[in-house]
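These are the residues of each chain, in order.
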Amino acid sequence: MLLSNLFLPLTKDLPTDAKIKSHQLMLRTGMIKQSAAGIYSWLPLGFKIMKKIESIVREEQNKIGAQEMLMPTIQSADIWKESGRYNDYGEEMLRIKDRQGREMLYGPTNEELITEIFRSSIKSYKSLPQLLYHIQWKFRDEIRPRFGIMRCREFYMKDAYSFDIDDEKAKHSYNKMFYAYLKTFNRLELQAIPMAADTGPIGGDLSHEFIILAETGESNIFTDKNIFDIKLNSYNFSKDSLEKMRSDFSSFYSATDEKFNKDEFEKKIKKENQIKAKGIEVGHIFYFGEKYSKPLNCLVDHPEGKKVAVKMGSYGIGVSRLIGAIIEAKFIDDVMKWPRSVSPFDLVIIPSINKNNDENSKKALKIYQELKENKIDVLLDDVNENISAKFKKHDLLGIPYQIIIGSKSEDDKFEFKEVGKIATMLSLKEIKQKLKK
Ligand code: 5CA
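Being a predicted model, the structure only gives us computed values, none of them experimental.

Enquirer: Which residues make up the overall build of the chain, and what values do they have?
Expert: The secondary structure content of the chain amounts to twelve helices and 21 strands. What you see for the chain is a C-alpha radius of gyration of 25 Å, in line with the 22 Å of a compact globule of 437 residues. Each principal axis of the C-alpha atoms in the chain carries an extent, and together these give about 85 × 60 × 40 Å. Within the chain, the fraction of its 437 residues that count as buried is 52%. The long-range share in the chain, meaning contacts at least 24 apart out of those at least 6 apart in sequence, stands at 71%. Of the accessible surface of the chain, which amounts to about 20900 Å², a share of 49% is contributed by carbon and sulfur atoms. Computed over 71 positive and 64 negative side-chain charges, the inter-centroid distance for the chain is 2 Å.

Enquirer: Give a detailed account of unusual backbone geometry, specifying residues and quantitative values.
Expert: Cis rather than trans, the peptide bond between leucine 128 and proline 129 has omega equal to 0 degrees. In this fold, proline 129 is placed in the loop between α5 (111-119) and β7 (130-139). Positive phi values are uncommon outside glycine, yet glutamate 189 reaches one of about 60 degrees. Of note, glutamate 189 is situated in the loop between α6 (167-187) and β9 (192-196).

Enquirer: Go over the sheet that holds strand β4 (residues 74-76), please, and point to the residues and values.
Expert: Taken in spatial order, the three strands of this open sheet run β4-β6-β5, and their pairing is antiparallel. Of all strands in the sheet, those bounded by a partner on one side alone are β4 and β5 (94-97). Across the sheet, the mean angle separating the axes of adjacent strands is 35 degrees when strand polarity is ignored. The pairing of β5 with strand β6 (residues 103-106) spans four bridges and is antiparallel.

Enquirer: Quick one: what's the story with the pattern of salt bridges, residue by residue and with numbers?
Expert: Any two side chains of opposite charge can pair, given that their charged atoms come close. The final tally for this structure, using the stated rule, is 36 salt bridges. Measuring nitrogen to oxygen at the nearest pair gives 2.9 Å for the salt bridge that ties aspartate 98 to arginine 102. Given a relative accessible area of 23%, aspartate 98 falls into the partly exposed group. Residue class for arginine 102 comes out partly exposed when judged on its relative accessible area of 48%. Look at the salt bridges and you will find they share partners, linking Lys51, Glu54, Arg58 and Glu68 into a network.

Enquirer: Describe helix α7 (residues 239-250), with residues and values.
Expert: For α7, with twelve residues, the first-to-last C-alpha span of 17 Å sits near the 16 Å given by 1.5 Å per residue. Among all positions of α7, only Ser241, Leu242, Met245, Arg246, Asp248 and Phe249 are buried. The arc that holds every buried residue of α7, seen down its axis, measures 160 degrees, which confines them to one face.

Rules and cut-offs
Residues numbered from 1 in each chain as written. Predicted model: local features only at pLDDT ≥ 70, side-chain atom pairs only at ≥ 80, totals over all residues. Heavy atoms only, no water. Helix = DSSP H or I, 4+ residues; strand = E, 2+ residues; numbered from the N terminus. Rg over C-alpha atoms; globule rule 2.2 N^0.38 Å. Buried < 20%, exposed > 50% of the residue type's maximum accessible area, 1.4 Å probe, protein only. Contact = heavy atoms within 4.5 Å. Areas by Shrake-Rupley, 256 points an atom, 1.4 Å probe, with all protein chains shown as cover. Lys, Arg positive; Asp, Glu negative; His and termini not counted. Charge placed at Lys NZ, Arg CZ, Asp CG, Glu CD. Pairing = 2+ DSSP bridges. Axes fitted to C-alpha atoms, helices over the stretch in contact; angles between N-to-C directions. Salt bridge = Lys/Arg side-chain N within 4 Å of Asp/Glu carboxyl O. Expected span 1.5 Å × (residues − 1). Arc of directions from axis to C-beta.

As structure tokens, then:
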């Protein structure tokens, strides 16, 4: 892609109403544009990053056997009346009426709708377990939308739902999700800490939030440094191994404000290992058993002949929030560096353009074409401005690799830079090799 063709409405000024760096950066680089309070359009740069995050989330869900589907954003109020949440959910729910005066709503979450789908077709334990998910927009009429897409009203969420015949099997489904979440966040180069949590309006008795450390996070977190030493690849998918994984994580003290107990924290963790920090919740999982299946009469035949309410859990990842969370974690000293797995481009070519001599531009175009032929998603900065302005711009765009074409480049060696590291002179062949890793 040529930068001159990219729809990239960069702004020089710091947006005054944006309080945290992710919100500022997203506005300055034209990733998003607010269309109403807490509601945003996703412009090409932001959208491309979100789609990459979404596909990592999807791949890790598919790996544990979850099946993708798609439920609508608009739901009927009837099923929410059956579960009793139509009144309980309060003002966060956006309620609408259609032309026939039927009560509808823009889904803030999908426990009711998925239960309704499930109960109409699955009747026997023989069809269990089931693990279903979709990635869809949600709406919550937050009282105070803030921090851009971090706490907004319309947001993109992956929500999964598990169906099992008994508690033990349901906990296995829960553990599989727990594992998939940690894998997903690892691939985004985020260190997420699973923390026992309260269940809030979703309900249930077992729940974990996945929190990443960031100064601007809304949650206060208290944990043990050693929790980061747990190696995910030491577990496999067997029931016992996944149960051990969850209990290994739980063996370290970690809590958010709601569950924090100072005495316990100080007693359980040596002073030098105590972490008191701020964090961002990027995922939340719940096991709530029969909370929805019972009132919605979602029953299946049990092997022993009786009918039982199916045991359910639900599992959310804030796909759009993750973009802000990655920025909060990776934007350091005014320089952004996207993890390779979600970077909007693999590499950017930055030629120093001189009006009287277009050698550099020609050279840049030649390697641009060659890299493209090698299926490298490359951006060529063909904009006519001075090199220091270019560098400043790329500090914000955060593409992790740069080829700089200026006085230093020789015939077949180019200045290659990984953001945050010292530049080296490499041939195009060596550069291609590096990008393969
Ligand atoms: N039904 C359950 C699990 S599917 C559920 O809705 N859980 S949740 O309320 O915790 O939301 C899941 C994730 O969505 C959160 O962890 C967070 O990352 C994201 N999220 C929630 N509210 C917002 C919001 N207002 N703006 C952006 N992301 C949000």
